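Now for the letters of each chain:
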Amino acid sequence: MNPEFFAISMLNGISYGLLLFMLSSGLTLIFSMMGVLNFAHTSFYMLGAYFGYMLSGVIGFWPALVIAPLLVGVLGALFERYSLRKVHKYGHVPELLVTFGLSYLILELVQLLWGRSAVPYGLPPSLQGPLFTLYGTQFPKSRSFIMLVALLMLVAVWLLLTRTRIGLVIQAALKKPEMVEALGHNVPRVFMLVFGGGCALAGLAGVIGGNTYVTEPSMAMSVGSIIFVVVVVGGLGSLAGAFLASLLIGIVQTFAVALDYSWASLLNTLGLQLTPESFGWPVLSLTISQMAPILPYLLLVLMLIFRPKGLLGTREE
């Protein structure tokens, strides 16, 4: 493996992993504080991308970077207040069903408003072009910006939850809601703000991910399953676990896509002289890049078998 391939693939894997973390952090925050698995989480990511596209054409990208996530957060808070809260008392299944239905409702609304094809949501001039050149390969500013925003968001959320009074109230409301209510805090309002904040984080990922990659109605579905893999592998409710799992999956997938070796040739280098016809195993003729999309799900299955709580999970759900 030459140094150029390793360095560029590692940077691309980290940038993709940090985008996954931006998405999964909101979902992890909502689950850790409320015990709710939001199936519509990536739909809020898609809304962030479309709101960013719409607002950037009117007020510019940088104001849209602030306003679009706030709009998504408000929509998430309203959904929690007027829909999710009413079914919360009936258990997890109604919660899953109502968020599942919301994801399709958002998809249909997006297609009605912006059409079924991709929209021309481009990068602002300040994020176009390379940031630096490594081994003759240029690394784009847009991916570097994703990495920067994700790291700043991680620090901000950690400081909010561990170093502020608001964070203490949020954590206390999870463990002792009756006591927090007795102290004069509105626990349902706290949960509404948590849900809205988690959706706003997804919206922020959409604003900067939509113009770096592509903004289209299928963007929510394309990352939806991967986000749940990240959350489960990292450990349900663990923000640090989601961070580690995001980087792991991002790096593994990026390297796998770039490796055009068959499994037979890989096993041969390990001293196992096998061919695709050995034992009737045609899977040996497949390349690693062809199997890259299933690697996260293979990791999920192995994690559930050998460590069901995930890398850093502590909850029993």
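Before going into details, it helps to say that this report is about the structure given with it.

About the criteria used
Residues numbered from 1 in each chain as written. Predicted model: local features only at pLDDT ≥ 70, side-chain atom pairs only at ≥ 80, totals over all residues. Heavy atoms only, no water. Helix = DSSP H or I, 4+ residues; strand = E, 2+ residues; numbered from the N terminus. Buried < 20%, exposed > 50% of the residue type's maximum accessible area, 1.4 Å probe, protein only. Contact = heavy atoms within 4.5 Å. Areas by Shrake-Rupley, 256 points an atom, 1.4 Å probe, with all protein chains shown as cover. Axes fitted to C-alpha atoms, helices over the stretch in contact; angles between N-to-C directions. Parallel < 35°, antiparallel > 145°, perpendicular 65-115°, else oblique. Left-handed = near helix turned anticlockwise from the far one by under 90°. Nonpolar A, V, L, I, M, F, W, Y, C, P; charged D, E, K, R; others polar. 1 Å grid on protein atoms, 1.4 Å probe; cavity = no way out; pocket = protein on both sides within 12 Å on 5 of 7 lines; lining within 4 Å. Points joined across faces, edges and corners; volume = space filled by probe spheres on them. Expected span 1.5 Å × (residues − 1).

1. Focus on the overall build of the protein
Reasoning step 1: When helices and strands are counted, the protein shows 13 helices and two strands.
Reasoning step 2: Classification of the 317 residues of the protein by burial places 47% in the buried group.
Reasoning step 3: For the protein, contacts bridging at least 24 residues in sequence account for 76% of all contacts bridging at least 6.
Reasoning step 4: Approximately 15800 Å² of the protein is accessible, and the part contributed by carbon and sulfur atoms is 70%.

2. Comments concerning the packing of helix H2 (residues 41-59) against helix H9 (residues 219-234)
Reasoning step 1: Two numbers describe how H2 lies on H9: the axes approach to 8 Å, and their chain directions differ by 140°. If you check the angle between H2 and H9, you find them oblique. Like other packed secondary-structure pairs, H2 and H9 cross with a definite hand, here right-handed. Facing Thr 42, Ser 43, Tyr 45, Met 46, Ala 49 and Tyr 50 of H2, the residues of H9 in contact are Met 219, Ala 220, Val 223, Gly 224 and Ile 227.
Reasoning step 2: A breakdown of the residues in the contact of H2 with H9 according to their chemical character gives eight nonpolar, three polar and no charged.

3. Observations regarding the side chain of Gln 253
Reasoning step 1: By secondary structure assignment, the location of Gln 253 is in helix H10 (residues 239-258).
Reasoning step 2: Gln 253 sits in the buried class, given a relative accessible area of 12%.
Reasoning step 3: Apart from the residues lying within four places of it in its own chain, the contact partners of Gln 253 are Tyr 16, Ile 226, Ala 292, Pro 293 and Pro 296.

4. Observations regarding the layout of surface pockets
Reasoning step 1: By volume, the largest pocket amounts to about 470 Å³.
Reasoning step 2: Surrounding the largest pocket, 21 residues form its lining, Leu 160, Ile 166, Ile 170, Leu 193 and Val 194 being those nearest its centre.
Reasoning step 3: Among the elements of the structure, helix H1 (3-34), helix H3 (61-88), helix H5 (141-163), helix H6 (165-175) and helix H8 (187-212) are those that each provide at least two residues to the lining of the largest pocket.
Reasoning step 4: For the lining of the largest pocket, the class distribution of residues is 14 nonpolar, five polar and two charged.

5. What to know about H5
Reasoning step 1: In this model, H5 (23 residues) spans 32 Å end to end at C-alpha, consistent with the 33 Å of a helix rising 1.5 Å per residue.
Reasoning step 2: For H5, the set of buried residues is Ser 142, Ser 144, Phe 145, Ile 146, Met 147, Val 149, Ala 150, Met 153, Val 157 and Leu 161.

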